[in-house]
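Notes for the structure review
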2 protein chains.
Amino acid sequence: MTPVAKRKMERRKTFNDYIAKKQLKSTKQRDIIFNEFFNSYMGRHVTVEELYEDIKKNNPSIGFATVYRTLKLFKECGIASERNFGDGKARYEPIRSETEHHHHMICTECGQIVEFANMQIESCLLQVAKLNEFNVSNHKLEIYGICSSCREAQR
Amino acid sequence: MTPVAKRKMERRKTFNDYIAKKQLKSTKQRDIIFNEFFNSYMGRHVTVEELYEDIKKNNPSIGFATVYRTLKLFKECGIASERNFGDGKARYEPIRSETEHHHHMICTECGQIVEFANMQIESCLLQVAKLNEFNVSNHKLEIYGICSSCREAQR
DNA sequence: TACGATATTGATATTTAAAATCAATAATAA
DNA sequence: TTATTATTGATTTTAAATATCAATATCGTA
Ligand SMILES: [Mn+2]
Ligand SMILES: [Mn+2]
Ligand SMILES: [Zn+2]
Ligand SMILES: [Zn+2]
C-alpha cells in the first residue's frame, strides 16, 4: 500500500469511529465526499463551493448543504482543518497525520499558498502563553506577501 | 501634555494629512468618531456596532454607515488596525505608535484579549519568508485558549 | 459672502457566506 | 419487515459587509 493510501485509510478509520461513537450513519454521500476530498485535495485548501462544484461533475444529485455539513463533520472529528485566509470564505484541508502542524504564507497577488512549520516559533508561543497563564487550545499564524514569481512578473 | 494626549494629536495629524492628500473633507462626524475612538478605545478592540452604539448616546443623528466608513478610513490612513478574532465581526483598535506591533491571545471563554509582542517570533517569521522568497507585507498571529480566571471558575 | 464643484452623510438596499428549517428519504437495529 | 432515528437536498433565514442614492455639507474661488 502506498503511503498516501495508508494515510487515507487512517483518516477513514477515525471518521468511522466518530460516526459509531456519535451514533451517526454511514451514507453514500459521505463516502463520495470523503473520497473526493482525500483523493484530490491532499495538501490543498478547498472552499465548500469548489468541492461542491467538483463533486457535482460525477454526482449531480449531491446537494451543497451536504458537502457543507460533511466538511464540518470532517473538521469536528479531526480529519480536516478549517482555514481562513482573509477572503471571507472558509477553506478546508485534509489532515495528513495526527501530529502534523503547520502554518501558511499567502501570496496576495496570485493566491499561492506555501506551508511552513517552525519549531522555534511554536516554542516561543507556548512560552508566551505560559507567561500569561493561558491554556492554549489552538493558534493561527499567517504571513501575507508577494511571492517571487509575482515579483518578477511586476518588473 | 500627557503622553496619551500627545499620541492622539499625532494620529490626528496623520489623519488630517491623509484627508488633505486625498482631497477629502473634514466633517463634524469624522471629528466625533475620531475623538470617541481615540479617547475611549485605546488598547481595546471595538466592533463597528459597538462604536456606533456608543457614539449614538451623545450623537443620535450619526449613521451606522458613517461609523463603518470612518473606521475603514482610519485603517486606510494607518491610524487604526483591523482585527479578526474568528467571531465573524471585524474589530478596530487605535494604533499607538508608528512602530508598535503586537499580536493577540484570546480567551474563548470570556473573550479577554491579552496583547503580546515577541522579537524572536518576528525574526523567525522573516527568516521563513526569506527562505521562500516572499516579500512580507503583513502577518497575523493569534493564540486561542482559556485564561487563568476562567480556568479557576470552571473548577 | 455667495457660488459651484465635489465629497459626505444617513437611510436603505444588496450581496454573500454561513447557518437553520423541513418534508421526504435512507440507514440501522430489533 | 418494521420502527426509530439520522440524513439529505431544496429552500429560507441570518448577519456582516458593502453598495446605492438623494439630500446636504464642505471648501476653494470669485
Ligand atoms: Mn495547509
Ligand atoms: Mn491589539
Ligand atoms: Zn504570487
Ligand atoms: Zn477567560
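The rules behind the values
- Residues numbered from 1 in each chain as written.
- Chains lettered and ligands numbered in written order.
- Predicted model: local features only at pLDDT ≥ 70, side-chain atom pairs only at ≥ 80, totals over all residues.
- Heavy atoms only, no water.
- Domains from an automatic or database assignment.
- Contact = heavy atoms within 4.5 Å.
- Buried area = accessible area lost by both parts, 1.4 Å probe.
- Salt bridge = Lys/Arg side-chain N within 4 Å of Asp/Glu carboxyl O.
- Polar contact = N/O pair within 3.5 Å; in protein donor to acceptor, adjacent residues only side chain to side chain.
- Nonpolar A, V, L, I, M, F, W, Y, C, P; charged D, E, K, R; others polar.
- Donors = N, O, S within 2.8 Å, 3.2 Å for Na, K, Ca; no water.
- Tetrahedral: all angles 85-135°; square planar, octahedral: opposite > 155°, others 65-115°.
- Near = heavy atom within 4 Å.
- Helix = DSSP H or I, 4+ residues; strand = E, 2+ residues; numbered from the N terminus.

Let's talk about the domain arrangement of chain A
All names here are of chain A. As far as domains go, chain A holds domain 1 (3–94) and domain 2 (103–154). For domain 1 versus domain 2, the separation of C-alpha centres amounts to 24 Å. Tallying the contact residues gives 7 residues for domain 1 and 7 residues for domain 2. Here domain 1 and domain 2 share an interface that buries about 530 Å² over both sides, 55% of which is from carbon and sulfur atoms. When the buried surface of domain 1 facing domain 2 is broken down by residue, His45, Asn84 and Phe85 rank first, second and third, together holding 77% of it. There are 0 salt bridges connecting domain 1 and domain 2. There are 5 residue pairs in polar contact (both at pLDDT 80 or more) connecting domain 1 and domain 2. Of the residues in the side of domain 1 that touches domain 2, the class split is 1 nonpolar, 4 polar and 2 charged.

Some words on the coordination of the zinc ion (ligand 4)
All names here are of chain B. Around the zinc ion (ligand 4), the protein contributes the donor atoms Cys107 (SG), Cys110 (SG), Cys147 (SG) and Cys150 (SG), at 2.2 to 2.4 Å from the metal centre. Around the zinc ion (ligand 4), the 4 donor atoms are arranged such that angles at the metal cover 103 to 115°; this shape is classified as tetrahedral. The motif formed by the donor residues of the zinc ion (ligand 4), counted along the single chain, is C-x2-C-x36-C-x2-C.

As for the protein's contact with DNA strand C
Inspection of the region around DNA strand C gives 21 residues, with Lys25(B), Thr27(B), Arg30(B), Thr66(B) and Arg69(B) positioned closest. The side chain of Lys28(A) places a nitrogen or oxygen atom 3.3 Å from a phosphate oxygen of DNA strand C. Contacts to DNA strand C include Gln29(B), whose side-chain N or O atom sits 2.9 Å from a sugar or linking oxygen. At the level of elements, helix 4 (64–76) of chain A together with helix 2 (28–40) and helix 4 (64–76) of chain B are the ones that each hand at least two residues to the surface near DNA strand C.

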